[in-house]
Amino acid sequence: MTSTLKGITLKGSAELVAEFFSFGINSILYQRGIYPPESFTRVTQYDMSLQLTTDGKLKDYLTKVVAQLKEWLFDCTVQKLVLVITCLETNEVLERWQFDIEYGCGRRTKSIKTIQDEIRSVIRQITATVTFLPLLETACAFDLLVYTDKDLMVPEKWEESGPQIIDQSEEVRLRSFTTSIHKVNSMVAYKRTDSA
Amino acid sequence: MDMEDNTTVFSTLKSFNSFISHPEPPKRHSEQPAGSANLQINYKRSMELLDAAERVQSKSQYIQLDQEKKQMELSHKRARFELEKVATDSARDLEREVDRNQDLLGRIKRLEEKVGDAAKNLSEQSGNNKVLRKNFDDLNKKVLERDVRLNTANQMISSLHDEIRELKQTVQNQDCTISTKNLEIQSLQEQLDLQRRRYQEMSQLCQSLQSAQSSCSEHVNKIKELERRLSLQEQDIALVRTMRSEVARVQDLDKEVRRLREDNAYLRESRENSSLLKEEVEGLRRKLERMEKTNEDLVNSELEKEVLIEKLQAWENLGQSTGLNIRKPEDLSREVIQIQQREIALKEQNYTLSSSVDRSQSQLQGEASQQRSKALEEQKKRETQDALVRRLQKRVLLLTKERDGMRSILESYDSELSHTDYSPQLSKRLREAEDILQKTQSHHLEMEVQENERRWVFNTFIFFIGVELELESVRKQQSSVAESNSGMVIEEVLLLRQKIEDVEGERQRLEEQNNILEMRLERHSLQGDYDPVKTRVLHLKMNPTNVAKQQRQQETEALREEVTRLREHLRSLKDAGPLALQDDPHTGSPGLGLSLPPSQEVLDLRKQMESSEMKNKRLKEVFQRKIQEFRTMCYVLTGYQLDVTTENQYRLSSVYAEQMDDSLLFKKGSSGIMQLMETEFSKTLGEMVALHLHHQKSIPAFLSAVTLDLFSRQTIF
């Protein structure tokens, strides 16, 4: 749909951003070892090979969230998407991957190729952050939080939750990409290890 | 060969073609003279050509046939070669086959010989077989007889075996029972050991628990202290965080400070420059003013110059205009002197005149006063004259009306009569009346002029007085306003400058605060903070974290249940252990009604425990009896009752002791030597002690002496 047009429509931009989130979340889960690496399979996307989960429950969960997110992106009501990693033993938040979404006017026409190049550099940077993030030694679980407008109707099966902010955190800002309708800024916050 | 044939074909073809082409050119030359002869010649030539072509064709065919023949010969030769080869091969094969045949024939012969031998053997062996069969039958009979005997023997054996088996079973049963009982003993001993170990472990655990409790209490105290320290440290951490954030800002502040200093330096320079510029401006303004003044002066001077030039010209022309023969200023000065002299003279005259004028003025003032009075009189007269004038005007009006009437009458008369008769008289009368009118009008006008002049003089006098008063008032106002304006302006300027400085300071402070707040906002937004009024955080209810937590809870609950169950099982086992000693296995598991039933092993172990305890009891009884027997025997035979009071101390009391308390105390020293201790009874036996113990160093002798002594005392009578 978007390949035939010169520019990008709102729906096409929402699809691109939702697709990026789907692959980005899978990459983060693989890199941080939340799920065992043997439960992931290799796929090609954005001219690079990425890991995608084969776990049925996880797939269902991700498809649900990404579908709802696509709707909200189309309505321009979502402000942030946050992936929170909590330690199961101590119930405290260890890492927080935050993606801010800003809305533009869409006057600048951008080709799909440039957008995909930008997405590729963001995902490469996510993979590279593993080098300085502290090891997750205990068993961990993840959760996806969505920051939306207050007056939005809460859909079925969704509930309100806290922001799950890390106690003493170090924040690192990563690259951003824009489709000229949606701009996504990425950042990661992790709990400071008091070993030093 | 073929190639040579081909070349011959080609060469023949070429020769044919050349032959054909050759006759053509000469034909062209000789075409015109002989037509029919040419035709014949051509026909002949064509026939010849045809023949040649036929010959060539035949030659080629011949050559082709030759070639074919050669090829056929070649093929024949090849075929012959091949056939010869095949023939040789088949000859060889034949030879081989012949050889094989001979071999096979040889083999057949051998085999036939073997067959004959085998037949002979067969016949021999058949004879043997018959013999053997006879033997076999005999043997079978024997075997049968022996079988019968064997059966009987076997029956005996089986019966014996049964007996043996029975005995063995009994033996095995007894062995089993023995082994089981040995095992039971071992297991019970092991259990005893286990129990002892458990008791030791439990005692150790108790001790460790106590120590742990004490350490726990210490730890609790430490924890409280640490918590206090933690709270203090958290406060310090908060301070450190703010300090760090402030320190992080230091760099920015340094940069800003540098920038501000540069700005300050720049501003100071600019201020100095501005002050300098202002001074320059003021200087320039003054210059401007001066220049303007000079311009005005210039203009004025130019005007004056022109005036002077005119004057000069006038002066120069004076001579021409006045006719006084003036060409040089000397003449002018002379004239001037003359004029001055004249002037002096005139001034003298003037003074005299002025004095006369003063006198005249005074006279005139008097006269003026007189004239004022006169003016008043004249005003009165004027008024009267005005009245007269009005009357005269009225009269004039009346006269004019009369005139008009007269005129009208006259005109009526004239209209009736002719013009020339009475018009001169009428005109004369008209003129006279008009003259009278004019005179009265002129007189009236003169009166009016005089009155206007007096009024004008009076008004101008009043006007000048008023103007002088206004001028004085305006001058006073201007001086006051100027003073007040200057003071006001300076004060306003100072106030405005102070306000500007205050506002600039506030602006800088607000900028700093703004930057700090922006940094904090960005930090918070990075950490994930949000405005609860505008945004809301949502997540799915069935998310992986919740699922993992629920699983964990379920696992922990299952583990806790298992732990409680195992603890109850343990307690029940411990309760069952001591109860089993009382030989009551049925009440061994009161608390385990729902859990495992008492297994066979447990019952066996309990039985073993009971049996071992019974044995222990019996052994103890036996030992006690034996010991008692031994002691009584020693008492009876040696005459001393030996008691162990404390470790290494032995009390001997004799059969023949006079009192119950009489006893001897012996102590075993560290080196193993028995020593007598001091008692009341031993004090009485001092001699025997000295003799037997110190001198003879024999305790049995001493003891026997003591018994003899006591016996002798007892049985004197």
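Residues numbered from 1 in each chain as written. Chains lettered and ligands numbered in written order. Predicted model: local features only at pLDDT ≥ 70, side-chain atom pairs only at ≥ 80, totals over all residues. Heavy atoms only, no water.

Turning our attention to the confidence of the model for chain B. Residues and elements named next belong to chain B. Chain-level pLDDT for chain B is 86 on average; 91% of the residues reach the 70-or-more range. Predicted confidence in chain B is weakest over helix 2 (residues 24-29), with a mean pLDDT of 48, and strongest over helix 7 (residues 600-638), with 94. Across residues 25-32 the pLDDT falls below 50, and counting only partners more than four positions away or on other chains, this stretch makes four contacts in the model. Here the predicted complex carries an ipTM of 0.88, next to a pTM of 0.36. (pLDDT = per-residue confidence, 0-100. Helix = DSSP H or I, 4+ residues; strand = E, 2+ residues; numbered from the N terminus. Contact = heavy atoms within 4.5 Å.)

Taking 1.5 Å of rise per residue, 23 residues should cover 33 Å, and helix 1 (residues 10-32) of chain A covers 33 Å from first to last C-alpha, within 8% of that figure. One or two positions beyond helix 1 of chain A, positive phi appears at Gly33(A), with a value near 70°. (Expected span 1.5 Å × (residues − 1).)

Along the chain, Thr77(A) turns up in the loop between helix 2 (56-75) and strand 3 (78-87). If we skip the residues at most four places from it in the chain, Thr77(A) touches Trp72(A), Tyr103(A), Tyr147(A), Thr148(A), Asp149(A) and Leu152(A).

Counting residues at the interface gives 28 residues for chain B and 41 residues for chain A. Together chain B and chain A conceal approximately 3300 Å² of surface at their shared face, both sides included; 53% is due to carbon and sulfur atoms. Our count for the contact surface shared by chain B and chain A stands at three salt bridges. Salt-bridge contacts for Arg536(B) lead to Glu160(A); the nearest nitrogen and oxygen are separated by 3.7 Å. Our enumeration of links across chain B and chain A arrives at 17 residue pairs in polar contact (both at pLDDT 80 or more). Elements that contribute at least two residues to the side of chain B that touches chain A include exactly helix 3 (36-322), helix 5 (419-527), strand 1 (535-540) and helix 6 (544-581) of chain B. For the side of chain B that touches chain A, the element with the highest residue contribution is strand 1 of chain B, accounting for six residues. Counted by class, the side of chain B that touches chain A contains eleven nonpolar, seven polar and ten charged residues. Examined bridge by bridge, strand 5 (residues 140-149) of chain A and strand 1 of chain B share four bridges and lie antiparallel to one another. In the strand pairing of strand 1 of chain B, Tyr147(A) is matched with Val537(B). (Buried area = accessible area lost by both parts, 1.4 Å probe. Salt bridge = Lys/Arg side-chain N within 4 Å of Asp/Glu carboxyl O. Polar contact = N/O pair within 3.5 Å; in protein donor to acceptor, adjacent residues only side chain to side chain. Nonpolar A, V, L, I, M, F, W, Y, C, P; charged D, E, K, R; others polar. Pairing = 2+ DSSP bridges.)

With that settled, consider the sheet that holds strand 8 (residues 182-191) of chain A. Reading across from one edge, 6(A)-1(B)-5(A)-3(A)-4(A)-8(A)-7(A) is the order of the seven strands in this open sheet, with antiparallel pairing throughout. If you trace the sheet from one side to the other, it starts and ends with strand 6 (158-160) and strand 7 (169-178) of chain A, each paired once. Adjacent strand axes in the sheet meet at a mean angle of 25° when their direction is disregarded. The pairing of strand 3 of chain A with strand 5 of chain A spans nine bridges and is classified as antiparallel. Looking at strand 5 of chain A, one finds that Lys80(A) is bridged to Tyr147(A). The strands touched by helix 3 (residues 112-129) of chain A within the sheet are strand 4 (93-103), strand 7 and strand 8 of chain A, with strand 7 of chain A carrying the most contacts at an inclination of about 160°. (Axes fitted to C-alpha atoms, helices over the stretch in contact; angles between N-to-C directions.)

Here we take up a negative patch on the surface. Together, Glu289(B), Glu292(B), Glu296(B), Asp297(B) and Glu304(B) line one region of the surface with negative charge. Checked against the element boundaries, Glu292(B) lands in helix 3. (Patch = residues over 30% accessible without salt bridge, like charges linked within 9 Å, V, L, I, M, F, W, Y side chains within 5 Å. Areas by Shrake-Rupley, 256 points an atom, 1.4 Å probe, with all protein chains shown as cover. Lys, Arg positive; Asp, Glu negative; His and termini not counted. Charge placed at Lys NZ, Arg CZ, Asp CG, Glu CD.)

Now for the nonpolar core. Counting residues in each nonpolar core, the largest one holds 52 residues, and the members touching the most others are Phe20(A), Phe21(A), Trp97(A) and Phe142(A). Sort the elements by how many residues they give to this core and helix 1 of chain A lands first, with nine residues. Among residues more than four places away in sequence, those in contact with Phe21(A) are Leu69(A), Leu81(A), Phe99(A), Ile101(A) and Val184(A). Core analysis: the next-biggest nonpolar cluster, separate from the first, contains 14 residues, Leu652(B), Leu664(B), Leu685(B) and Leu693(B) among them. (Core = buried A, V, L, I, M, F, W, Y, C linked by side-chain atoms within 4.5 Å. Buried < 20%, exposed > 50% of the residue type's maximum accessible area, 1.4 Å probe, protein only.)

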